[in-house]
Amino acid sequence: MRLRNITGSREVIAESRFVIQEEIQPQCPGTWKEIFRNDRPIHIEIGMGKGKFIHAMAKQNPHINYVGIEKYSSVLLRALQKMELEELPNLKFLRMDAEDITKVFGAGEVDRIYLNFSDPWPKDRHAKRRLPSREFLARYNIILKKGGKLEFKTDNRPLFDFAVEELEPAGWKAEVITYDLHADEKLVEGNVMTEYEEKFSSMGNPICKYIIYR
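One numbering rule holds for all chains: residues counted from 1, following each sequence as written. In view of the model being predicted, local features appear only for residues whose pLDDT reaches at least 70, and side-chain atom pairs are presented and counted only at 80 or more, with totals across whole chains, interfaces and linings using the full set of residues. Computation of side-chain values covers all heavy atoms of the structure but excludes hydrogens and water.

Observations regarding the overall build of the chain
Next, step 1: We count a stretch as a helix when DSSP gives it H or I for four or more residues in a row; a strand needs E for two or more, and each element gets its number in order from the N terminus. Regarding its fold elements, the chain presents 8 helices and 7 strands.
Next, step 2: Here the C-alpha radius of gyration of the chain, 16 Å, is about what a compact globule of 214 residues would show, namely 17 Å.
Next, step 3: Projected onto its principal axes, the C-alpha positions of the chain cover 40 × 35 × 35 Å.
Next, step 4: Method for areas: the Shrake-Rupley scheme with a 1.4 Å probe, in which residue coverage is limited to the protein chains shown. Total accessible area on the chain stands at roughly 11,200 Å², and carbon and sulfur atoms take up 49% of it.
Next, step 5: Residues counted as positive are Lys and Arg, residues counted as negative are Asp and Glu, and His and the chain ends are not counted. Lysine's charge is taken at NZ, arginine's at CZ, aspartate's at CG and glutamate's at CD. Each charge class in the chain was averaged separately, 34 positive and 33 negative side chains, and the resulting centres sit 2 Å apart. Radius of gyration: over C-alpha atoms. The globule rule applied is 2.2 Å multiplied by the number of residues raised to the 0.38 power.

Right, here's the structure in full:
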């Protein structure tokens, strides 16, 4: 379960130079080249958790700019702690709800989107809140550049089945679909694991993944 209430986390985030603050976020669309001070590709992770995945990706790929998005202050705090220990110039953070993603990125401004072990929202009435739902795919469709791709990983098979079923009505196509990522020698090569992926795969849970495009 995610930690959501660590005393002082909001204050730390408000003072962090690694975070694009809420009052500045409305000015972000169309300005990410200025924010990073270069015109490199932008990759984002929505629901980044404690930041292990995106920090590792940014370290491995200094030629790409990364933006980690997390709703919960106490979780984002963990990612900031990683940055304090090892600062990376190509990584920024946003504390925000993913529903507002089109308010901080302009049309076609993002090159790749990562969804990793997203909240399954298991009740049917909450389906539209799931990050791989058609409602969210419509948002991603706006900010993702032509030729851009979205990668989704989870150990939750019902959520993954739902995500795959959403592709056709949402107008997306699958480049890759696997129900056991770690058994695929080609796909697992260079795979960066999240905290949850390490935990669940060590328990023997198969990891599902797709790579999709419009």
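Side note on empty space enclosed by the protein
Next, step 1: Cavities and pockets were defined on a 1 Å grid built over protein atoms only: a cavity is a set of grid points that admits a 1.4 Å probe from which the probe cannot escape, a pocket is an open set flanked by protein on both sides within 12 Å along at least five of seven lines, and lining residues are those with an atom within 4 Å of any such point. Grid points are joined across faces, edges and corners, and a volume is the space filled by probe spheres set on the points. All chains considered together, the criterion is met by 1 cavity of 30 Å³ or more.
Next, step 2: When its volume is computed, the largest cavity comes out at roughly 70 Å³.
Next, step 3: Gly 47, Met 48, Asn 116, Thr 194 and Tyr 196 are, among the 10 residues lining the largest cavity, the residues nearest its centre.
Next, step 4: Here the residues of the lining of the largest cavity are counted per class, giving 3 nonpolar, 4 polar and 3 charged. Side-chain classes follow a simple rule in which Ala, Val, Leu, Ile, Met, Phe, Trp, Tyr, Cys and Pro form the nonpolar group, Asp, Glu, Lys and Arg form the charged group, and the remainder, Gly included, forms the polar group.

Examining the sheet that holds strand β1 (residues 42-46)
Next, step 1: DSSP-based pairing: two strands are paired if at least 2 bridges between them are found. Ordered by their spatial adjacency, 7 strands build an open sheet running β3-β2-β1-β4-β5-β7-β6, and the pairing between neighbours is mixed. Each end of this open sheet is capped by a strand with a single partner; those strands are β3 (91-95) and β6 (173-178). Adjacent strand axes in the sheet meet at a mean angle of 15°, parallel and antiparallel pairs treated alike.
Next, step 2: Where β1 meets strand β2 (residues 65-70), 5 bridges bridge the pair, whose relative direction is parallel. Considered in β2, the bridge of Ile 42 is made with Asn 65.
Next, step 3: Lying over the sheet, helix α3 (residues 52-60) contacts β1, β2, β3, β4 (110-116) and β5 (144-154), oriented at roughly 175° with respect to β2.
Next, step 4: Here helix α6 (residues 157-170) sits on the sheet in contact with β5, β6 and β7 (208-213), set at roughly 15° to β7. Angles here are taken between N-to-C directions and fall from 0 to 180 degrees, while the axes themselves are lines fitted to C-alpha atoms, restricted in helices to the stretch in contact. Residue contacts are counted whenever heavy atoms from the two residues lie within 4.5 Å of one another.

Some words on unusual backbone geometry
Next, step 1: Even without a glycine there, the phi angle at Phe 117 is positive, about 50°.
Next, step 2: Looking at the element boundaries, Phe 117 is found in the loop between β4 and α5 (134-143).

A short note on the layout of surface pockets
Next, step 1: For the second largest pocket, the calculated volume is near 280 Å³.
Next, step 2: What lines the second largest pocket is a set of 16 residues, and nearest its centre among them are Glu 151, Leu 187, Glu 189, Asn 191 and Lys 209.
Next, step 3: For the lining of the second largest pocket, the elements supplying multiple residues, two or more each, are α3, β4, β5, α7 (185-188) and β7.
Next, step 4: If you tally residues by element for the lining of the second largest pocket, the top one is α3, at 3 residues.
Next, step 5: Of the residues belonging to the lining of the second largest pocket, the class tally is 7 nonpolar, 4 polar and 5 charged.

Focus: α6
Next, step 1: A helix's residues, less one, multiplied by 1.5 Å, set its expected span. Given a rise of 1.5 Å per residue, 14 residues ought to cover 20 Å, and the 20 Å separating the end C-alpha atoms of α6 matches this to within 8%.
Next, step 2: Burial classes: relative accessible area under 20% of the type maximum marks a residue as buried, over 50% as exposed, and values in between as partly exposed (1.4 Å probe, protein chains only). Taken residue by residue, α6 has Leu 159, Phe 160, Phe 162, Ala 163, Glu 166 and Leu 167 as its buried positions. End-on, the buried residues of α6 take up no more than an arc of 155°, which puts them together on one face. Exposed side chains of α6 directed beyond 90 degrees from the buried face belong to Pro 158, Glu 165 and Glu 168.
Next, step 3: Those residues of α6 that are buried lie in contact with α5, β5, β6 and β7. In this context, the arc is that of the directions from the helix axis out to the C-beta atoms.

As for the side chain of Glu 197
Next, step 1: Note that Glu 197 resides in helix α8 (residues 195-202).
Next, step 2: Only 2.8 Å separates the side chain of Glu 197 from the side chain of His 182, close enough to count as a polar contact.
Next, step 3: Apart from the residues within four sequence positions on either side, Glu 197 is in contact with Phe 117, Lys 153, Leu 181, His 182, Asn 191, Val 192 and Ile 207. Under the rule applied, a polar contact is a pair of N or O atoms within 3.5 Å (in protein, one hydrogen donor and one hydrogen acceptor; residues adjacent in sequence only if both atoms are side-chain atoms).

Section: the pattern of salt bridges
Next, step 1: Salt bridges are counted wherever a side-chain nitrogen of Lys or Arg sits within 4 Å of a carboxyl oxygen of Asp or Glu. If you walk through the whole model with that rule in mind, you get 14 salt bridges.
Next, step 2: Residue Glu 175 is joined to Lys 149 by a salt bridge in which the shortest nitrogen-to-oxygen separation is 2.5 Å. Residue Glu 175 is found in strand β6, and its partner Lys 149 is found in strand β5; the two are separated by 26 residues along the sequence.
Next, step 3: According to the relative accessible area criterion, Glu 175 is partly exposed, its value standing at 41%.
Next, step 4: Residue Lys 153 is joined to Glu 197 by a salt bridge in which the shortest nitrogen-to-oxygen separation is 2.7 Å. In this pair, Lys 153 is assigned in strand β5 and Glu 197 in helix α8, connecting sequence segments 44 residues apart. Of the two residues, Lys 153 and Glu 197, neither departs from the other in class, the shared state being buried.
Next, step 5: Each of the salt bridges in this network shares a partner with another, and the network as a whole consists of Arg 112, Glu 151 and Lys 209.

Geometric descriptors of this kind do not, in isolation, establish any biological role.
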